[in-house]
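Here's the letter readout for the chains.
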Amino acid sequence: MKQLNIAVGIIRNTERQIFITRRASDAHMGDKWEFPGGKIEQGESPEQALVRELSEEVGIEASRYALYRKLEHSFPDRHVTLWFYLVDAWQGEPWGKEGQPGEWIPQHALKIDAFPPANVQVIEQLLAE
Ligand SMILES: Nc1nc2c([nH]c(=O)n2[C@H]2C[C@H](O)[C@@H](COP(=O)(O)OP(=O)(O)OP(=O)(O)O)O2)c(=O)[nH]1
Ligand SMILES: [Mg+2]
């Protein structure tokens, strides 16, 4: 079975809004909302992958981040380890650089069902803050 390590950014502004993006219809977990991020490549640290993915996907240069939660999830075809980082300082303004929809949403308004099942516990943690 495929084993993937994924670095993910929970980009939060001073108004406690979080920037989320929508996965492409034809991707794994298509049409689900996500925290931007992607695969940690060979030789990369999770932090390096985080900074690279946020630059590629939403056009920001992350400058302050801390590990918020690490979760494992088995999908029918793959096992993923997700490293969720809270990102609270960056340069630039996030946008859907790869053509994906993106929006700021109040932290307390996150919807568990809108995200992949691997995200349940991290969304619960954010909602409980
Ligand atoms: N980015 C992101 N991926 C998530 C989240 N929750 C979740 O289950 N995933 C899963 C979906 C995918 O199987 C995997 C992320 O892979 P990805 O498709 O974003 O990988 P990537 O950006 O490197 O893109 P590529 O190699 O396909 O071009 O993690 C999430 O909140 N954010
Ligand atoms: Mg990605």
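Here is what the cut-offs are and how they apply
Residues numbered from 1 in each chain as written. Chains lettered and ligands numbered in written order. Predicted model: local features only at pLDDT ≥ 70, side-chain atom pairs only at ≥ 80, totals over all residues. Heavy atoms only, no water. UniProt positions renumbered as here; feature names shortened; annotations may be inferred. Helix = DSSP H or I, 4+ residues; strand = E, 2+ residues; numbered from the N terminus. Contact = heavy atoms within 4.5 Å. Buried < 20%, exposed > 50% of the residue type's maximum accessible area, 1.4 Å probe, protein only. Donors = N, O, S within 2.8 Å, 3.2 Å for Na, K, Ca; no water. Polar contact = N/O pair within 3.5 Å; in protein donor to acceptor, adjacent residues only side chain to side chain. Phe/Tyr/Trp six-rings, centres within 6.5 Å; stacked < 30°, edge-to-face > 60°. Salt bridge = Lys/Arg side-chain N within 4 Å of Asp/Glu carboxyl O.

Student: Would you take a moment to explain the UniProt feature "binding site: Mg(2+)" (unreviewed entry) in the protein for this structure?
Tutor: The sites that UniProt annotates as "binding site: Mg(2+)" (unreviewed entry) are Gly 37 and Glu 57. These residues run over 21 residues, yet every pair of their C-alpha atoms falls within 7.4 Å of each other. Counting through the fold element by element, Gly 37 comes out in strand 4 (residues 37-39). Setting aside residues up to four positions removed in sequence, Gly 37 forms contacts with Ala 7, Val 8, Glu 53 and Glu 57. Assessed through its relative accessible area of 10%, Glu 57 is described here as buried. Residues in contact with Glu 57, not counting those within four places in the same chain, are Glu 34, Pro 36, Gly 37, Trp 95, Gly 96, Lys 97, Glu 98 and Gln 100.

Student: For this particular structure, what's the right way to read the coordination of the magnesium ion (ligand 2)?
Tutor: For a metal with four tetrahedral donors the ideal donor-metal-donor angle is 109.5 degrees, whereas six octahedral donors ideally subtend 90 or 180 degrees. Distances from the magnesium ion (ligand 2) to its protein donors, Gly 37 (O) and Glu 57 (OE), fall at 2.2 Å. Linking Gly 37 in strand 4 with Glu 57 in helix 1 (residues 46-58), this pair joins segments that are 20 residues apart in sequence. We classify Gly 37 as buried; its relative accessible area is 8%.

Student: How should I be thinking about the side chain of Arg 52 in this particular structure?
Tutor: Note that Arg 52 resides in helix 1. A distance of 3.0 Å separates a polar atom in the side chain of Arg 52 from the backbone oxygen of Lys 39. One polar contact links Arg 52 to Glu 44, side chain to side chain, over a distance of 2.6 Å. Non-local contacts of Arg 52, meaning those with residues more than four positions away in its chain, are made with Lys 39, Glu 41 and Glu 44.

Student: Could you clarify how one ought to interpret the environment of Pro 76 in this entry?
Tutor: Mapped onto the elements, Pro 76 comes out in the loop between strand 5 (61-75) and strand 6 (78-91). As for Pro 76 and Met 1, which are separated by 75 residues in sequence, their C-alpha atoms are 9.0 Å apart.

Student: Just to check I follow, could you spell out the packing of aromatic side chains for this structure?
Tutor: By convention here, two paired aromatic rings are described through the distance between centres and the angle between planes. A full pass over the atoms with the stated rule returns five aromatic pairs. Between Phe 35 and Phe 84, the aromatic rings sit 6.2 Å apart at their centres with planes inclined by 90 degrees, giving edge-to-face as the arrangement. Linking Phe 35 in the loop between strand 3 (33-34) and strand 4 with Phe 84 in strand 6, this pair joins segments that are 49 residues apart in sequence. The exposure class of Phe 35 is buried, given its relative accessible area of 2%.

Student: In this structure, what is going on with the pattern of salt bridges? I would like to understand it.
Tutor: Any two side chains of opposite charge can pair, on the condition that their charged atoms come close. Enumeration over the complete set of coordinates arrives at nine salt bridges. Taking the shortest distance from any N to any O, the salt bridge between Arg 16 and Glu 129 comes out at 2.9 Å. Here the residue Arg 16 occupies a position in the loop between strand 1 (2-12) and strand 2 (17-22), and Glu 129 occupies one in the segment after helix 2 (120-128), the gap between them amounting to 113 residues. With a relative accessible area of 49%, Glu 129 lands in the partly exposed category. In this structure, the salt-bridge partner of Arg 52 is Glu 44, at a minimum N-O distance of 2.6 Å. Where salt bridges share partners, they join Glu 41, Glu 44, Arg 52, Glu 53 and Glu 56 into one cluster.

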